[in-house]
Amino acid sequence: MKELVVISGKGGTGKTSLMAAFASLAKNKVLCDADVDAADLHLITAPTLRERHAFQGGHTAIIDQEKCTRCGVCQDLCKWSAIGDDFEIDPIACEGCGVCFYLCPEQAVDFPLNTCGEWFISDTAFGPMVHARLGIAEENSGKLVSLVRRKARELAESKHLDIILTDGPPGVGCPVIAAVGGASGVLIVTEPTVSGKHDMERVVQLAAHFKIPAMICVNKFDLNLDQTNAIEGFAEENNASCLGRIPFDPIFTKSMVQGQNIFEYDKASETGKAVKQLWDKIREKIGC
Amino acid sequence: MIISIASGKGGTGKTTVATNLALSIDSDVRLIDCDVEEPNAHLFIRPIFNKTETVYTSVPEVDLKKCNQCGQCGDICQFKAIVVIADTVLTFPELCHSCGGCMAVCPEGAVTETGRELGVVRQGYRNGLEFIHGELRVGEAMSPPLIRAVRSFSWPEKLTIIDAPPGTSCPVIAAMKDTDFVLLVTEPTPFGLYDLKLAVGAVQALNIPSGLVINRSDIGDHKVQAYANEIGLPILMEIPFDRRIAEAYSKGEMIVDTMPWLKDAFLKLYRDIKVLVES
C-alpha cells in the first residue's frame, strides 16, 4: 500500500484544492485529512459521518482548592507559568507535563485525561475518508495526525485499497513531522513567490532529513516565471522531482465556492488537464 | 500596544498585512515574525540583521554513576522522553518538552540539564522599523518555546506587531497570548470562512479584542462578510484582488510601494485598531 502526503511549507498554496482534485482521479483510495488544526478537505468531499470518536491526547492539571495549602511548590516548578496567584491553573497555558501533580506535597492536584479533539471515519462520493478536528487552542496536534494516519492505514488494509491520499498541514514543525514519517512520498505544492520558494526549500530539507522522496508541483506558475524556474532549479539540485506546473486559474476558487473540486465543476478545463498529467506522473513515481 | 496578526488558514495574507502595516507606520515600531516554522516577513522587509542568537531548550542528561535506576524520571515524564531500561537510562531529547520534571523528581540528583537546539532568533532593522524573527531548525518539532523566545522581544510601551503562524493550536496561542489586539486576516472563500471561525474561537478563548481584514475581497462569495456582521467582528479593511499586487508580492515587493494609496489605508487601519483597543 502506498501513501502520498501533500504538504507545502507555506499555507494557502493549494494543497487541499489539488488533493480534492486527486480524489476524482485516484482509484481504490482512502482520503485522509491530516491538517487537523484547520481541516478543510471535508468542505469539498462532503463526507457522511460513519464513526465519531473522542481524541484524548494528554492530561490537564486541576488544583483541588480544598486540599491546597498555597505552599507555592507547584508555582516554582511550573515552566509554563500556568498556575496563577489564586492557585487556579490556566488550561490554555498548561502543557500537561504532570510536574505539579507528581510533586505537590499535599496531593492536591488532579490530572485527568483531557478530550482535546475528535476523529471521524466517513463515506464520500470519492471513497472512505478519515478526518479529525483538534479542539481550539489544544495541544497534541502531532499525536492526532499520527492517529488519523494510522486509522486511514487500517481502513485501507481492511478494505484492500491501494493508496492513501493524505492532506498535510503547513509548516515544518510537529504536525508536519507527524504527517510525513513513513510516507511513500510527499508532494510539495508551492507557488512562485519569494515566500513560496523560501518555505519550499525548508520542506525539501525536511523531507531529506526524514528520507522521504519529495516531488514538487508549482501552482499558479505563470504568476512569476522567474520564480517558477528558480524553484524547479532548487528542487532538481536537491533530488526533488519536478512533476508539473498548474496555471493561475480562478477555477479553483469558483469550484470551491460551489463545494466542488475542479473536475466536478468543469470536466474539460485546461487546468484539469494539467492536474491529470501531474497525477499520472505521481502514480508513476510512487508506483501505484 | 501589541497587535498580533493571525488567521486559521495559511496563505491569506498575514505577512502582507503585518509588513505593510509596520512599514506604513515606520517609527517606534517593532515587527516580530513569530511564524518560526516558515518565517517570511524578512523577505519583504529586507532588514539589515545585526544580531543572531541560537536558542536552546533544556533536556535531561543522566549521570549513570549517580543513578540508582529507581525509575521515577520515567514515571513523571508524560512525553516518553526518558526511560529506565535494565541498568541504564535512555533519553529521547527530541521528545522532551523541557518541563524539568525528571530533574525535580530524581532523588539522587543524577539528572542535569543539557541543551537541544531549537533554532535561531535574529534582530535587525530597516529605517525606523526594528525587526525580529525566529527560524526553527529543520527537523525540530516544537515551535512554541522558540516562539516564546521571539515574543520576549515585545515592546509594549511603543508598538509591537506580531506576525503569527497559521492554525489554531499551540504555536498560534503562543504568538497571540497576552497581546492587546488580534487582527484576523482571511479571504472570502469556503476554506477562508471555515478557518476564520476556528481562529475566532481561539481569540474568544483568549478573550482578546479583534478585527478583520478581508484580503482578495472580491474573489469568492459574501459569506465571510455576513459572518463577521453576524458575530459583531468589525471589518477594518478590504483589499480587492489585483494581479499587480499578486505579482509584486511574488517578487518580494511591498504592496504599499506598488499601490501607494494603500499606505493611507494601512494608517487608517492602525488608527481604527487604536480606537478599538482604547475603548
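Residues numbered from 1 in each chain as written. Chains lettered and ligands numbered in written order. Predicted model: local features only at pLDDT ≥ 70, side-chain atom pairs only at ≥ 80, totals over all residues.

S.K.: Is there a simple way to think about the overall build of chain B in this case?
M.R.: Secondary structure assignment for chain B yields 11 helices and 11 strands. Along the first, second and third principal axes, the C-alpha atoms of chain B reach 70 × 40 × 35 Å. With 279 residues in all, chain B has 51% of them scored as buried. A fraction of 74% describes how many contacts in chain B between residues 6 or more apart in sequence connect residues 24 or more apart. (Helix = DSSP H or I, 4+ residues; strand = E, 2+ residues; numbered from the N terminus. Buried ≥ 20, exposed ≤ 12 C-beta atoms within 10 Å, placed from the backbone. Contact = placed C-beta atoms within 7 Å.)

S.K.: Can you walk me through the overall build of chain A in this structure?
M.R.: Counting its regular elements, chain A contains 11 helices and 11 strands. Viewed in the frame of its principal axes, chain A has a C-alpha envelope of about 70 × 40 × 35 Å. Sequence separation of at least 24 residues holds for 76% of the intrachain contacts in chain A that already meet a minimum separation of 6.

S.K.: Looking at this model, I keep getting lost on unusual backbone geometry. Mind explaining?
M.R.: Backbone phi values are negative for most residues with the exception of glycine, while trans is the configuration of most peptide bonds. Look at Phe87 of chain A: it is not a glycine, yet its phi comes out positive at around 60 degrees. Considering the arrangement of structural elements, one finds Phe87 of chain A in the loop between helix H3 (73–77) and helix H4 (99–103). At Ser98 of chain B, a position not held by glycine, the phi torsion is positive, near 60 degrees. Position of Ser98 of chain B relative to the elements: it lies in the loop between strand S5 (88–91) and helix H4 (101–105).

S.K.: Is there a simple way to explain the nonpolar core in this structure?
M.R.: Nonpolar side chains tend toward joint burial in soluble globular proteins. Counting 145 residues, the largest nonpolar core has Val148, Leu165, Ile188 and Ile216 of chain A together with Ile5, Leu31 and Ile161 of chain B as the members making the most contacts within it. The element that contributes the greatest number of residues to this core is helix H7 (residues 190–206) of chain B, accounting for eight residues. Not counting the four nearest positions on each side in its chain, Ile5 of chain B is found in contact with Lys14, Val17, Ala18, Ile161, Ile162, Asp163, Ala164, Leu183 and Val185 of chain B. Among the nonpolar cores identified, the runner-up in size contains 32 residues, and Ile63, Tyr102 and Cys104 of chain A together with Ile82 of chain B belong to it. (Core = buried A, V, L, I, M, F, W, Y, C linked by C-beta atoms within 7 Å.)

S.K.: Which parts of the structure should I look at to understand the interface of chain A and chain B?
M.R.: When the parts of a complex come together, some accessible area is lost, and that lost area is often used as the size of the interface. Each partner contributes to the interface: chain A provides 52 residues, whereas chain B provides 51 residues. Elements with a minimum of two residues in the side of chain A that touches chain B: strand S3 (48–59), H4, helix H5 (141–158), helix H6 (174–180), helix H7 (194–209) and helix H9 (251–257) of chain A. The element best represented in the side of chain A that touches chain B is H7 of chain A, accounting for eight residues. For the side of chain A that touches chain B, a count of residues per class yields 21 nonpolar, 22 polar and nine charged. (Nonpolar A, V, L, I, M, F, W, Y, C, P; charged D, E, K, R; others polar.)

S.K.: Please explain the domain arrangement of chain A as it appears in this structure.
M.R.: Once the domains are mapped, chain A shows domain 1 (2–56 + 117–286) and domain 2 (61–111). The straight-line distance from the C-alpha centre of domain 1 of chain A to that of domain 2 of chain A is 41 Å. (Domains from an automatic or database assignment.)

S.K.: Just checking my understanding: could you explain the sheet that holds strand S3 (residues 48–62) of chain B for this structure?
M.R.: Two modes of strand pairing occur in sheets, parallel and antiparallel, and in both the strands are linked by backbone hydrogen bonds. All names here are of chain B. Pairing is mixed in the open sheet, where nine strands are placed in the order S3-S6-S7-S2-S8-S1-S9-S10-S11. Of all the strands in the sheet, just S3 and strand S11 (235–239) have a single pairing partner and so form its edges. In this sheet, adjacent strand axes meet at a mean angle of 20 degrees when their direction is disregarded. Pairing geometry for strand S10 (residues 210–215) and S11, over four bridges, is parallel. Residue pairing across strands places Asn215 opposite Ile239, the latter belonging to S11. Relative to the sheet, helix H1 (residues 14–25) contacts strand S1 (2–6), strand S2 (29–33), strand S7 (129–136), strand S8 (159–163), strand S9 (181–186) and S10, its axis offset from that of S8 by approximately 160 degrees. (Pairing = 2+ DSSP bridges. Axes fitted to C-alpha atoms, helices over the stretch in contact; angles between N-to-C directions.)

S.K.: Any chance you could explain the sheet that holds strand S9 (residues 185–190) of chain A here in plain terms?
M.R.: All names here are of chain A. Spatially, the nine strands line up as an open sheet ordered S3-S6-S7-S2-S8-S1-S9-S10-S11, and their pairing is mixed. Each having just a single partner strand, S3 and strand S11 (241–246) make up the two edges of the open sheet. The average undirected angle you get between the axes of adjacent strands in this sheet is 20 degrees. Relative to strand S8 (residues 163–167), strand S1 (residues 2–7) runs parallel, the two sharing five bridges. Residue pairing across strands places Val6 opposite Asp167, the latter belonging to S8. Here H7 sits on the sheet in contact with S1, S9 and strand S10 (214–219), set at roughly 170 degrees to S9. With respect to the sheet, helix H11 (residues 270–286) is in contact with S1, S9, S10 and S11, its orientation differing from that of S11 by roughly 165 degrees.

S.K.: I would appreciate a short explanation of the domain arrangement of chain B in the present structure.
M.R.: Structurally, chain B comprises domain 1 (2–55 + 119–278) and domain 2 (64–109). A separation of 40 Å is found between the C-alpha centroids of domain 1 of chain B and domain 2 of chain B.

S.K.: Can you walk me through the packing of helix H1 (residues 15–25) of chain A against H11 of chain A in this structure?
M.R.: Any two packed helices are characterised by how steeply their axes cross, that is the angle between the axes, and by the distance between the axes. Residues and elements named next belong to chain A. Where H1 meets H11, the axes come as close as 10 Å, and the angle between the chain directions of the two elements is 75 degrees. Our classification of the angle between H1 and H11 gives roughly perpendicular. Together, Leu18, Ala21, Phe22 and Leu25 of H1 and Val275, Lys276 and Trp279 of H11 make up the contact between the two elements. Tallied by class, residues from the contact of H1 with H11 come to six nonpolar, no polar and one charged. (Parallel < 35°, antiparallel > 145°, perpendicular 65-115°, else oblique.)

S.K.: Explain the pairing of S1 of chain A here, please?
M.R.: Strand residues, when the strand is regular, have side chains that alternate between the two faces of the sheet. Residue and element names in this part refer to chain A. For S1, the buried fraction is high: five of the six residues fall into the buried class. Pairing between S1 and S9: four bridges, direction parallel. If you follow Leu4 over to S9, its bridge partner there is Gly185.

S.K.: I tried to follow H7 of chain B on my own but got confused; where do I start?
M.R.: Residue and element names in this part refer to chain B. Under the 1.5 Å per step criterion, the end-to-end length of H7 is 25 Å for 17 residues, consistent within 8% with the ideal 24 Å. Among all positions of H7, only Phe191, Gly192, Leu193, Asp195, Leu196, Leu198, Ala199, Val200, Ala202 and Val203 are buried. Once H7 finishes, Asn207 follows within two positions and takes phi at roughly 60 degrees, a positive value. (Expected span 1.5 Å × (residues − 1).)

S.K.: Before we go on, may I ask you to explain the environment of Ser158 of chain A in this structure?
M.R.: Topologically, Ser158 of chain A is positioned in helix H5. Along the chain, Ser158 of chain A and Pro247 of chain A lie 89 residues apart, while their C-alpha atoms are 38 Å from each other.

S.K.: Would you take a moment to explain H1 of chain A for this structure?
M.R.: Since there are 3.6 residues in each turn of an α-helix, residues three or four apart along the chain are aligned in direction. Among the 11 residues in H1 of chain A, nine count as buried, and that is most of the element. For H1 of chain A, the complete set of buried residues consists of Lys15, Thr16, Ser17, Leu18, Met19, Ala20, Ala21, Phe22 and Ala23 of chain A.

S.K.: When you look at the packing of H1 of chain B against helix H11 (residues 261–278) of chain B in this model, what are you seeing that I'm missing?
M.R.: Residue and element names in this part refer to chain B. Running from N to C, H1 and H11 cross one another at 90 degrees; their axes reach a closest spacing of 9 Å. Judged on the interaxial angle alone, H11 and H1 are roughly perpendicular. Touching Asn20, Leu21, Ser24 and Ile25 of H1 are Leu262, Lys263, Phe266, Leu267, Leu269 and Tyr270, all from H11. Grouping the constituent residues of the contact of H1 with H11 by class yields seven nonpolar, two polar and one charged.

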